[in-house]
Amino acid sequence: MIFSGQRPRRRTVSACLLAAALVAGVGGAVAPVSATTAHTSGPKPTVVLVHGVFADASGWYQAIAALQKAGYPVIAPANPLRDLGGDSAYVSSILDSIDGPVILVGHSYGGEVITNAARGHTNVKALVYVAAFAPDQGESALQLAGRFPGSKLPDALITRDYPLPDGSSGKDGYVDPAMFREVFAADLPSSQTRLMAAAQRPGSVGGLAGPSGAPAWKDLPSWYVIPTADNVIPAAVQRFMAERAHSHIVEVKGASHAVMMSRPDIVVRQIQAAHQATR
């Protein structure tokens, strides 16, 4: 449904659809993708899915299944989560290895990575941000997260030292397991979020504070999925970034930061929309 009012590009996903997904088990099967959107003629672009901090590539599994069923080649690399420059260079090297067009997708901090990794790659046709950072030059993830109130991450963050090659120490950030579900994935079953909390990938605090480079979204069309109940990156922050980038926006009412897991169908539809618009 087209959102009425000031922002004609935003669509909202009704609470009843989200409730239906919850009743069916949000951590389970992917909501069906209609044949009209799932199947298009001609070769499809490779979809590269970049995860963020506190997660790993397994968070994309349901979206991957739906995309593969629809005929898309998919790569979901392991984001190193060490520093923005190195992480972006790693994803850029993945893009170097792909022949043909690419739709580049980032979740959370992965959005900051794709913003930088896409530069210089003419085969990247579109960017898709999923509950993600889309920084401008000089901005950092930590800076943007606090631009508007609402994030519960600062009170839930715990750190552990890790050794650096020069003999000094860095700090890895984790979400306190006792608060993981509330902060990261409140619309997933607690039985699932307990496992996610135990297996979470930490991110370097220094890396999250690093400034971003010239943003690829200034030259590439972008699509955005905004979960309205995101307790990591407040929805107001995401709206600010999405509107600044002139993204095509879908808001998912009541969805958490882990929207790619609780509503993979919406994420897949945005990826397909990006493909259709850039064919």
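In what follows, the accompanying structure is described. (Residues numbered from 1 in each chain as written. Predicted model: local features only at pLDDT ≥ 70, side-chain atom pairs only at ≥ 80, totals over all residues. Heavy atoms only, no water.)

## Side note on the sheet that holds strand 7 (residues 169-175)
Note the cut-off: Two strands pair under a simple rule: DSSP has to find at least two bridges between them. Each helix corresponds to a stretch of at least 4 residues labelled H or I by DSSP, and each strand to a stretch of at least 2 residues labelled E; elements are numbered beginning at the N terminus.
The three strands are arranged 6-7-8 in an open sheet whose pairing can be described as antiparallel. On the outer flanks of this sheet lie strand 6 (157-163) and strand 8 (203-204), each paired with one strand and no other. Taken together, the two bridges between strand 7 and strand 8 define a ladder with antiparallel strand orientation. Opposite Asp-172, over in strand 8, you have Ser-204 as the bridge partner.

## Brief notes about helix 13 (residues 264-278)
Using the following cut-off: In this scheme, a helix's expected span is set at 1.5 Å multiplied by one less than its residue total. With a 1.4 Å probe rolled over the protein chains alone, any residue whose accessible area is under 20% of its type maximum counts as buried; one over 50% counts as exposed, and the rest are partly exposed.
When the terminal C-alpha atoms of helix 13 are compared, their 21 Å separation across 15 residues agrees well with the 21 Å that a helix rising 1.5 Å per residue should span. Those residues of helix 13 not exposed but buried are Pro-264, Asp-265, Ile-266, Val-267, Val-268, Gln-270, Ile-271, Gln-272, Ala-274 and His-275.

## Section: the pattern of salt bridges
Where we set the bar: Salt-bridge detection follows one rule: a side-chain nitrogen of Lys or Arg within 4 Å of a carboxyl oxygen of Asp or Glu.
Applying the stated criterion across every chain, the model contains eight salt bridges. A salt bridge links Glu-182 to Lys-152, with the shortest nitrogen-to-oxygen separation between them at 3.0 Å. Residue Glu-182 is located in helix 8 (residues 180-184), and its partner Lys-152 is located in the loop between helix 6 (141-145) and helix 7 (153-156); the two are separated by 30 residues in the primary sequence. In this structure Lys-152 comes out as partly exposed when scored by relative accessible area, which is 33%. Note that Arg-269 and Asp-265 form a salt bridge whose closest N and O atoms lie 3.9 Å from each other. Of the two residues, Arg-269 and Asp-265 are both situated in helix 13; the distance of four residues between them amounts to about one turn of the helix. For Arg-269, a relative accessible area of 34% corresponds to the partly exposed category. The exposure class assigned to Asp-265 is buried, which follows from its relative accessible area of 3%. A network of salt bridges, in which partner residues are shared, links Arg-263, Asp-265 and Arg-269.

On their own, these measurements won't tell you what the molecule is for.
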